[in-house]
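Take a look at the letters that make up each chain.
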Amino acid sequence: MEIDLTKEVIRAENKNVVIINQTKLPHKLEFLTLKNCKETAQAIKNMNLRGAGTVGVASGYAMAQAFSELKSKEKILEAKEFIENTRPTAQNLFYATNLVYKTAIDETNSEKIAWDTADSILASDIEATSIMGKLGAELIEDNYSILTHCNAGKLAIQGYGSALAPIYYAHEQKKNCFVYVDETRPRLQGARLTAWELAQENIDHAIIVDNAAGYYFQKGKIDIVFVGADRIAGNGDVANKIGTYEKAVLAKENDVPFYVVAPQSTIDTKTKSGSDIIIEHRSQDEVKNINSNLIANEKSKAFNPAFDITPAKYITGIITENGNYKPDNLYNNLCES
Ligand code: MRU
C-alpha cells in the first residue's frame, strides 16, 4: 500500500474534499469524497478524518463549501456554527473557520477567496511541520528511544506531522531510533495509525498498551517523549489525547524530557489556562466496543473524555514553527512576536 501521505490525506478537488478514511486504516486504504459542507462536517465529527491539523484544514474547506453553496451571510454563519460544533477541543478548527469567514465574508469574490484561504491553511501546515521537524530532530541523538501518544503524524497534520515530524527528520538524517507507540484507547490511533505510518517509512517501533509506558520509563528505556496538541492555552497548558497527562507526569518522575510539537495555529492565547479548555466527551460505545464488538459488561456505563490537560510544569518545551519555547515563556514570547 504505497502512498504519499504528504499529499493524499486531504485535498480539495472541484469543490469536493477528498480524504483518506482514517477509520478504515490500517486494513484498507479508502478515499471519501465529501461533496458539501454538511458531509465534510459530518466526516470531522465521525472521525473519518482526525488530528487537530487535518481537522483544521477540513474545517477551512467545509467553510469554503459553505461559501459555494449558500448565498446569505446568515446561512454561512449557521454553517460555521454547525462546523464548529463537531469537535470542540481542536483549536485549529476554530482558527480555520474564523480565518476563512473573516477573510472572505465582505469581499465581492468571496467564494474564490474562501477556497484560496482554505488552501493557504493546508500550505502553511506543510511549511510549519517541516520547520518543527527540523527543530525537533536536533533533540534526537543516535540510538534514542522515543515515546509518542495517539497519532500526531502525517495523517493528523499535513506535511511531516507534528510529534512524528522530528522522528521523520531524524530518520532521514540516518539517526537510528526506536519508537514506543502507545496504543491509545479507545480509538487506537497509536496502534492503527502511528504504527502504520512508521511502518511505511521503515522506522523501527513497537506498540505498547497504554498502561505499559510506566514500565518502560522505570527501566530507563525511554530517552525522550514527543506528543502533539489539540489546543495550547496562553499559560502553556496543553490539551491533547486522553492519557497524555499521565505520560507527562511519568516523564518528569523519571527525568525524561517531554516535548509538545504543534504549529502556532494550535495556540489559543484567548484561553488563559488549561482549565478553561472545553474537553470533548464522546460516546460510551467507543469504550465498550472494539470494531462493533462488545468487549465490556453490557449494562455498565462508561465515560469517554477524548482529551486531557497536561499542565505546563510537566512540559520541557513546546516546539512551534517559530521556535522551541519553555511553556512558561510561551505567552510572553507570543506577545513579543
Ligand atoms: O481525537 P483525535 O484522534 O483527533 O486526537 C488527535 C490528537 O490528540 C493529536 O495528538 C493532536 O490532534 C495533535 S496532531 C496534529
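Look above for the structure.
Before going into details, it helps to say that this report is about the structure given with it. All of these numbers come straight from a predicted model, not from anything done at the bench.

Quick notes on the rules
- Residues numbered from 1 in each chain as written.
- Predicted model: local features only at pLDDT ≥ 70, side-chain atom pairs only at ≥ 80, totals over all residues.
- Heavy atoms only, no water.
- 1 Å grid on protein atoms, 1.4 Å probe; cavity = no way out; pocket = protein on both sides within 12 Å on 5 of 7 lines; lining within 4 Å.
- Points joined across faces, edges and corners; volume = space filled by probe spheres on them.
- Helix = DSSP H or I, 4+ residues; strand = E, 2+ residues; numbered from the N terminus.
- Nonpolar A, V, L, I, M, F, W, Y, C, P; charged D, E, K, R; others polar.
- Domains from an automatic or database assignment.
- Expected span 1.5 Å × (residues − 1).
- Buried < 20%, exposed > 50% of the residue type's maximum accessible area, 1.4 Å probe, protein only.
- Arc of directions from axis to C-beta.
- Contact = heavy atoms within 4.5 Å.
- Pairing = 2+ DSSP bridges.
- Axes fitted to C-alpha atoms, helices over the stretch in contact; angles between N-to-C directions.
- Phe/Tyr/Trp six-rings, centres within 6.5 Å; stacked < 30°, edge-to-face > 60°.
- Lys NZ or Arg CZ within 6 Å of the ring centre and 35° of its normal.

## As for the layout of surface pockets
Any space left empty among the atoms is revealed by the rolling of a water-sized probe across them.
Turning to step 1, where the next piece is worked out: Taken as a whole, the largest pocket encloses approximately 440 Å³ of empty space.
Turning to step 2, where the next piece is worked out: Surrounding the largest pocket, 14 residues form its lining, R187, N289, I290, N291 and S292 being those nearest its centre.
Turning to step 3, where the next piece is worked out: The set of elements that each furnish at least two residues to the lining of the largest pocket consists of α11 (285-288) and β12 (289-290).
Turning to step 4, where the next piece is worked out: Of the residues belonging to the lining of the largest pocket, the class tally is five nonpolar, five polar and four charged.
Turning to step 5, where the next piece is worked out: When we break the lining of the largest pocket down by domain, the ones giving at least three residues each are domain 1 (5-129) and domain 2 (132-336).

## Details of helix α4 (residues 73-84)
Turning to step 1, where the next piece is worked out: Here α4 spans 16 Å end to end across 12 residues, near enough to the 16 Å set by a 1.5 Å rise per residue.
Turning to step 2, where the next piece is worked out: Among all positions of α4, only I76, A79, K80, I83 and E84 are buried. The arc that holds every buried residue of α4, seen down its axis, measures 135°, which confines them to one face. Facing away from the buried side of α4 by more than 90 degrees, the exposed set consists of E74 and E81.
Turning to step 3, where the next piece is worked out: Contact partners of the buried residues in α4: α2 (37-46), α3 (52-69) and α5 (91-104).

## A short note on the sheet that holds strand β2 (residues 16-20)
Turning to step 1, where the next piece is worked out: Strand order in the open sheet formed by three strands is β1-β2-β3, with antiparallel pairing between adjacent strands. Pairing within the sheet leaves two strands with one partner each, and these edge strands are β1 (10-13) and β3 (31-34). Averaged over neighbouring strand pairs, the angle between their axes works out to 25° when direction is ignored.
Turning to step 2, where the next piece is worked out: Both β2 and β3 contribute to a ladder of four bridges, which runs antiparallel. Within β3, the residue paired with I19 across the bridge is L32.
Turning to step 3, where the next piece is worked out: Lying over the sheet, α2 contacts β2 and β3, oriented at roughly 140° with respect to β3.

## Side note on empty space enclosed by the protein
Turning to step 1, where the next piece is worked out: Applying the stated rule across the entire model yields three cavities of 30 Å³ or more.
Turning to step 2, where the next piece is worked out: One number sums up the size of the largest cavity: a volume of about 200 Å³.
Turning to step 3, where the next piece is worked out: Taken together, 24 residues form the lining of the largest cavity, with G51, A52, N151, A229 and D230 sitting closest to its centre.
Turning to step 4, where the next piece is worked out: Of all the elements in the fold, those that place two or more residues in the lining of the largest cavity are α3 and β9 (238-241).
Turning to step 5, where the next piece is worked out: Of the residues in the lining of the largest cavity, the class split is 11 nonpolar, nine polar and four charged.
Turning to step 6, where the next piece is worked out: There are two domains that each give the lining of the largest cavity at least three residues, and those are domain 1 (5-129) and domain 2 (132-336).

## Let's talk about the packing of aromatic side chains
Turning to step 1, where the next piece is worked out: By the definition in use, this model includes seven aromatic pairs.
Turning to step 2, where the next piece is worked out: Ring centres of Y61 and W115 lie 5.8 Å apart, and the angle between their planes is 35°; this geometry places the pair in the tilted category. Here Y61 is found in helix α3, whereas its partner W115 is found in helix α6 (residues 110-137), with 54 residues between them in sequence. Comparing Y61 with W115, the two get one shared label, buried.
Turning to step 3, where the next piece is worked out: Pairing Y180 with Y216 gives two aromatic rings, centres 4.8 Å apart and planes at 40°, and the pair type is tilted. Pair noted here: Y180 is in strand β5 (residues 177-182) and Y216 is in helix α9 (residues 213-218), with a separation of 36 residues, a long-range link.
Turning to step 4, where the next piece is worked out: Chaining the aromatic ring pairs together yields one cluster made of F178, Y180, Y215 and Y216.
Turning to step 5, where the next piece is worked out: Sitting over the ring of Y160, K154 keeps its end group 5.5 Å from the ring centre.
Turning to step 6, where the next piece is worked out: Here K241 stacks its cationic end above the ring of F307, 4.3 Å away from the centre of that ring.

Fair warning: the whole summary comes from geometry, so function is off the table for now.
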